[in-house]
Amino acid sequence: MGIIKAINLVHEYIKRDEDNNVSDIVRALDDVNIEVEAGQFIAILGHNGSGKSTFAKHLNALLAPTEGTLVVDGKNVKDEKNIMDIRKNAGMVFQNPDNQIIASVVEEDVGFGPENIGVPTEEIWERVDNSLKAVGMTEYRKHSPNKLSGGQKQRVAIAGVVAMEPKCIIFDEPTAMLDPNGRKEVIKTAHKLNKEKNVTILLITHYMEEVVDADYVYVMEKGKVVMEGTPRAIFSQVDALKEHRLDVPQVTLLADELRKSGLDIPKGILRREELVKALEKNMAR
Amino acid sequence: MSIILDKVNYSYSVGTAYEVNALKDINLKIEDNEFIGIIGHTGSGKSTLTQHLNGLVKATSGHIYVDGEDIYDNDYDMRKLRNKVGLVFQYPEHQLFETTVFEDVCFGPKNQGLDKKKAQLKAFEALYNVGFPEKLFYSSPFELSGGQKRRVAIAGVLAMQPKVLILDEPTAGLDPAGRDEIFELLAKMRKELNITIILVSHSMEDVANYVDRIIVMNKGQVMYDDAPREVFKHYKELEKMGLAAPQVTYLMHELKEKGLQVDETATTVDEAKQSILRALGR
Amino acid sequence: MIRDITIGQYYPANSIIHKLDPRVKLFSTLLYIIALFCFKGILGIGIITVFLFTTIKISKVPIKFIVKGLKAIVYLLLITAVFNLLLTPGNRVFWHYKLINITDTGITNAVVMSVRLIYLIIGTSLMTLTTTPNQLTDGLETSLKPLNKINVPVHAIAMMMSIALRFIPILIEETDKIMKAQMARGADFESGNIFKKAKNMVPLLVPLMVSAFRRADDLAMAMEARCYSGGAGRTKMKPLAYEKRDRIAYLVAILFFVAVIVARVLLPFPQ
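What comes next is a walk through the structure. Counting from 1, residues in each chain are numbered in the order their sequence is written. Just so you know, chain letters begin at A and ligand numbers begin at 1, following the order they were written in. Residue-level local features of this predicted model are given only where pLDDT is at least 70; pairs of side-chain atoms are given and counted only at 80 or more, and the full residue set underlies all totals for whole chains, interfaces and linings. Only heavy atoms go into the side-chain values, all of them from the structure, while hydrogens and water stay out.

### Regarding the overall build of chain A
A run of H or I in DSSP becomes a helix once it reaches four residues, and a run of E becomes a strand once it reaches two; helices and strands are each numbered from the N terminus. Within chain A one finds 11 helices and 10 strands. Every radius of gyration here is taken over C-alpha atoms, with the globule rule written as 2.2 Å times N^0.38, N being the number of residues. Against the 2.2 N^0.38 benchmark of 19 Å for 285 residues, chain A shows a C-alpha radius of gyration of 21 Å, consistent with a compact globule. The C-alpha extent of chain A, read off along each of the three principal axes, is 70 × 55 × 40 Å. Here chain A holds 285 residues, and the buried ones make up 59% of them. Relative accessible area decides the class of each residue, using a 1.4 Å probe on protein chains only: under 20% of the type maximum gives buried, over 50% gives exposed, and in between gives partly exposed.

Here it is, written out as structure tokens:
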């Protein structure tokens, strides 16, 4: 049994006009089936408005499904009394680092979550120490978040989630507002948590190069899952990816073009080294 | 119209322990109808530099000449400068405030002292030039998608008919498709409206495909100022500054090391493809 | 100019003052303010001056940094001083013109009021500079807990305060950016009479409000996601507990206050 299981999940946003009559219904999630095993690193790709963030908000019980079932860590999100347990076990990192840091000192912000769930004082300190260490922000613990870079702020936000010791962390476009260095920092941290703390990771993003090292990838569009598979399987369908308005990394794109021009290059090239190796073989012939 | 920067320095918090030299001895010449990318990581001084170009920030020392006139002369009219050099900031949310898109775009021309009719005409033209759909002219700017908001923000400055249009991170927060649309739009505007476009970005890969000239900023200084393929020759130095060259540049260098006679200055996928096929004798 | 305000900022340093329990600091600041408004005579002001500057010295906050905060009240200070100087009747008149008199009492009043204002700002900034906003709200929350009984939502108020303090610098920065963005479109925030100026603020205020609401929305969601559900059942990372130094500080504050009162009774001269 997976840690996250979405069965035929549907979510509709209902717009109402001034007289409170329904003026429009938007199906943000349309029959979504996603299953995640504990310890996996899963990525969900999609452009703005594809429904990926709506899905993320369900995992943390911030939104409730219109139809279908969503079970997180064995608990149905539809049941009101499960909400606190679900939020404790499925932490969430949001897009804008400024709008999710509550305290004016780094360590106090990391302690905010444990305070909310009633962790005893001594243990809060232990958890804060460990989480700051896990994201590599220990030396900034006394700093004000305002003086940190975007990537560092985002790592503080991650530490705040880690301190609640969740089984699973959902990253909802954590890099969309960061510069390239910040983006690398955040993705590296996510992988580190996955490997060292065995936390299940769900990364939601529109940057394809960030999903190269994931275990499994879902591509969403218009509220539906339109592609799924290992990164290699996904990256080998360059034409389909372009159709879904995704940004195929240059190396994958080049490999695909060269293959179409008759060179002997395997499908689904993810990294530069792979393309160099494939081209070396072509040279030898 | 040309802009010349002569030994421009800018520091803030002068005289305190926090003094920072945000710009150091900047010399630049910007000509008519150029398409320039200013690249640098956060805090490199790239945004500060652009704010000098339309007088929002005043240099601590040095001179800026626009059309041969020193903008720091006492009798120079800053309004004139802002009419010539338009600046679009990173977040459209920072400038949209009117109840309708059309009204919002009228704001700039009205500030220029144009009467209502003329301002509306300019707004209409600008919205047309950024490819904004007519059926959304009278909707609220707050209800648009990210890409549409960006277009309205650009139109808001374009309506003032600047000769130079500067855009700070015009694609931040947009998805790949939205990003490409904005870049295509800028390339088209430069051609059809015959204006200079300067875009500030931290992404080399995005910019390489579109601009003719890249200015790399690092620690308040201009490190490189050249055509993209010349700038990317320094890919190792760029990496030290926290900037990466396009993936293709790295790949081409690695192939050359392996003995394949490719053109390592290729910066786009298409150039790389042609070069590799040629080197393999296809 | 807005950046010059030091009230509400925190200056990190490792000093006894920083480590004191926020309740002690709140209490002492309260006594200090009362002392400021009821001292009389040169001895009183002397005691207050010594107390204030010794505390600053111990706090390791550079005086320069605190004084910078006064820039924001320069005008208020000037107006107060001038009014007191020109409009106070007194025994000896040094200069006279129609309704305006410069008298001995006027001069003393001007000096005393200026000192009061300056010391008030310095003293309260010192408290905020040495206390993190979170400690401050914690202190207020604990001190005001009895009000819970009469249905005052003390926890909610404290939480709102600490969030406000966290977002003030962010919103100030944002104001700056919006102003620049609108100035690039030819907006004018400086010229014109007061009505025109107010009207010209619309392009600044609308984006600022929109952004503030958006941030509030995001933050509420982020807090909920981290299991926040009000004050009930929460534990504290940094629970307030008095230590020896806090008791000593209480004692010092009370002694200081008593000294000022005694000085007022014994040596209330010059007025």
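Read on, since the account is not over.
### Notes on empty space enclosed by the protein
The distinction between a cavity and a pocket rests on a 1 Å grid over the protein atoms alone: a 1.4 Å probe fits inside a cavity but cannot get out, while a pocket stays open yet meets protein on both sides within 12 Å along at least five of seven lines, and a residue with an atom within 4 Å of a point counts as lining. Grid points are joined across faces, edges and corners, and a volume is the space filled by probe spheres set on the points. Applying the stated criterion across every chain yields a total of 4 cavities of 30 Å³ or more. By volume, the largest cavity amounts to about 270 Å³. The wall of the largest cavity is formed by 18 residues, among which A:Glu115, C:Asn134, C:Asp138, C:Met159 and C:Arg234 lie closest to the centre. Residue assignment for the lining of the largest cavity shows that the elements contributing at least two residues are helix H4 (112-116) of chain A together with helix H7 (133-143) and helix H8 (154-183) of chain C. With 5 residues, the single largest contributor to the lining of the largest cavity is H7(C). For this classification, Asp, Glu, Lys and Arg are treated as charged, while Ala, Val, Leu, Ile, Met, Phe, Trp, Tyr, Cys and Pro are nonpolar and the rest, including Gly, are polar. Across the lining of the largest cavity, the residue classes tally to 6 nonpolar, 5 polar and 7 charged. Of the volumes computed, that of the second largest cavity is approximately 50 Å³. In this structure, the second largest cavity is lined by A:Phe235, A:Ser236, A:Val238, A:Thr252, A:Ala255, A:Asp256, A:Arg259, A:Ile265, A:Pro266, A:Lys267, A:Gly268 and A:Ile269.

### Let's talk about the nonpolar core
Of all hydrophobic cores here, the largest spans 70 residues; its most connected members are A:Ile169, A:Ile265, A:Leu275, A:Leu279, B:Leu255 and B:Ile276. Contact between two residues is taken to exist if any of their heavy atoms lie within 4.5 Å; hydrogens are not considered. The residues contacting B:Leu255, other than those within four sequence positions of it, are A:Val276, A:Leu279, B:Leu260, B:Val262 and B:Ile276. Residues belong to a common nonpolar core when they are buried Ala, Val, Leu, Ile, Met, Phe, Trp, Tyr or Cys residues joined through side-chain atoms within 4.5 Å. One finds B:Val105, B:Val130, B:Leu186 and B:Val231 within the second-largest nonpolar core, a separate group that totals 49 residues.

### Considerations on the interface of chain B and chain A
Accessible area lost upon the coming together of the parts serves often as the stated size of an interface. Between chain B and chain A, the residue contacts involve 30 residues of the former and 30 residues of the latter. Here the buried area means the combined drop in accessible surface, using a 1.4 Å probe, for two parts upon being joined, counting both sides. With both chains or domains summed, chain B and chain A bury close to 2800 Å², and 61% of this area falls on carbon and sulfur atoms. Salt-bridge detection follows one rule: a side-chain nitrogen of Lys or Arg within 4 Å of a carboxyl oxygen of Asp or Glu. In this structure, A:Asp247 and B:Arg179 form a salt bridge, with 3.0 Å as the shortest nitrogen-oxygen distance. As used in this structure description, the phrase polar contact means that two N or O atoms lie within 3.5 Å; if the pair is within protein, one of them must be able to donate a hydrogen and the other to accept it, and residues adjacent in sequence are counted only when both atoms belong to side chains. Remark: the boundary between chain B and chain A carries 7 residue pairs in polar contact (both at pLDDT 80 or more). Mapped onto the side of chain B that touches chain A, the elements with two or more residues apiece are helix H6 (176-193), helix H10 (247-257) and helix H11 (269-279) of chain B. The biggest single contributor to the side of chain B that touches chain A is H10(B), with 6 residues. For the side of chain B that touches chain A, the residue count by class is 15 nonpolar, 7 polar and 8 charged.

### As for the sheet that holds strand E2 (residues 20-30) of chain B
Residue and element names in this part refer to chain B. Here we have 4 strands laid out as an open sheet, ordered E2-E1-E4-E5, and antiparallel in their pairing. Each edge of the sheet is formed by a strand with only one pairing partner; in this case those strands are E2 and strand E5 (69-70). Relative to strand E4 (residues 61-66), strand E1 (residues 3-12) is paired through 5 bridges, and the arrangement is antiparallel. Across the sheet, residue aspartate 6 finds its bridge partner in E4, namely histidine 63. Any two strands with at least two DSSP bridges between them are considered paired.

### Structural notes on the sheet that holds strand E2 (residues 22-36) of chain A
Residue and element names in this part refer to chain A. The strand order across the open sheet formed by 4 strands is E2-E1-E4-E5, and the pairing between neighbours is antiparallel. Strand pairing shows two members of the sheet lacking a second neighbour, E2 and strand E5 (75-76), which therefore form its edges. Direction of pairing for strand E1 (residues 4-16) relative to E2: antiparallel, over a ladder of 10 bridges. Pairing of histidine 11 across the sheet is with leucine 29, part of E2. Against the sheet, helix H1 (residues 52-59) makes contact with E1, E2 and strand E4 (67-72), and its axis sits at roughly 115° relative to E1, the strand it touches most. For every element, the axis is a line fit to its C-alpha atoms; helices are fit only across the contacting stretch, and the angle between N-to-C directions ranges from 0 to 180 degrees.

### As for the interface of chain A and chain C
Counting residues at the interface gives 38 residues for chain A and 28 residues for chain C. Between chain A and chain C, the buried area comes to about 3100 Å², and carbon and sulfur atoms account for 54% of it. Viewed at the interface, chain C and chain A are joined by 18 residue pairs in polar contact (both at pLDDT 80 or more).

### Overview of the packing of aromatic side chains
Here the aromatic set is Phe, Tyr and Trp, taking the six-membered ring for Trp, and pairing holds for ring centres within 6.5 Å; pairs whose planes are under 30 degrees apart are stacked, those over 60 apart are edge-to-face, and all others are tilted. Overall, the coordinates contain 17 aromatic pairs over all chains when judged by the stated rule. One aromatic cluster in this structure is built from B:Phe102, B:Phe124, B:Phe132, B:Phe137 and B:Tyr138. Should the NZ of a Lys or the CZ of an Arg lie within 6 Å of a ring centre and within 35 degrees of the ring normal, that charge is described as sitting over the ring. In this structure, A:Arg183 packs its charged tip against the face of A:Tyr207, placed 3.5 Å from the ring centre. The residue whose ring lies beneath B:Lys58 is B:Tyr72, and the NZ or CZ to ring-centre distance is 4.6 Å.

### A look at the pairing of strand E8 (residues 200-205) of chain A
All names here are of chain A. Here E8 lies mainly inside the structure; 6 of its 6 residues are buried. Alternating residues of E8 divide into Thr200, Leu202 and Ile204 and Ile201, Leu203 and Thr205, and every residue in both groups is buried. Alignment of strand E3 (residues 41-45) against E8, held across 5 bridges, turns out to be parallel. Directly across from leucine 45, in E8, lies its bridge partner threonine 205. As defined by bridge partners, strand E7 (residues 168-172) adjoins E8 across 5 bridges and the pair is classed as parallel. The residue of E8 that forms the bridge with phenylalanine 171 is leucine 203. Clockwise travel from the first strand over the helix to the second, with the strands pointing away from the viewer, marks a crossover as right-handed. In terms of handedness, the path from E7 via helix H7 (residues 180-196) over to E8 forms a crossover that is right-handed.

### Regarding the packing of helix H5 (residues 74-87) of chain C against helix H6 (residues 104-130) of chain C
Residues and elements named next belong to chain C. Closest axis-to-axis distance for the H5/H6 pair is 7 Å, and the angle between their directions is 160°. It follows that H5 is roughly antiparallel to H6 by the angle criterion. In this structure, H5 crosses over H6, and the sense of that crossing is right-handed. On the side of H5, the interface is formed by Leu76, Leu77, Thr80, Ala81, Asn84 and Leu85, while H6 contributes Gly106, Ile107, Asn109, Ala110, Met113, Ser114, Leu117 and Ile118. Taken together, the residues of the contact of H5 with H6 break down into 9 nonpolar, 5 polar and no charged. Note on terminology: angles under 35 degrees are roughly parallel, angles over 145 are roughly antiparallel, angles of 65 to 115 are roughly perpendicular, and the others are oblique. Whether a crossing is left-handed or right-handed is set by the direction in which the near helix is turned from the far one by less than a right angle, anticlockwise for left-handed and clockwise for right-handed.

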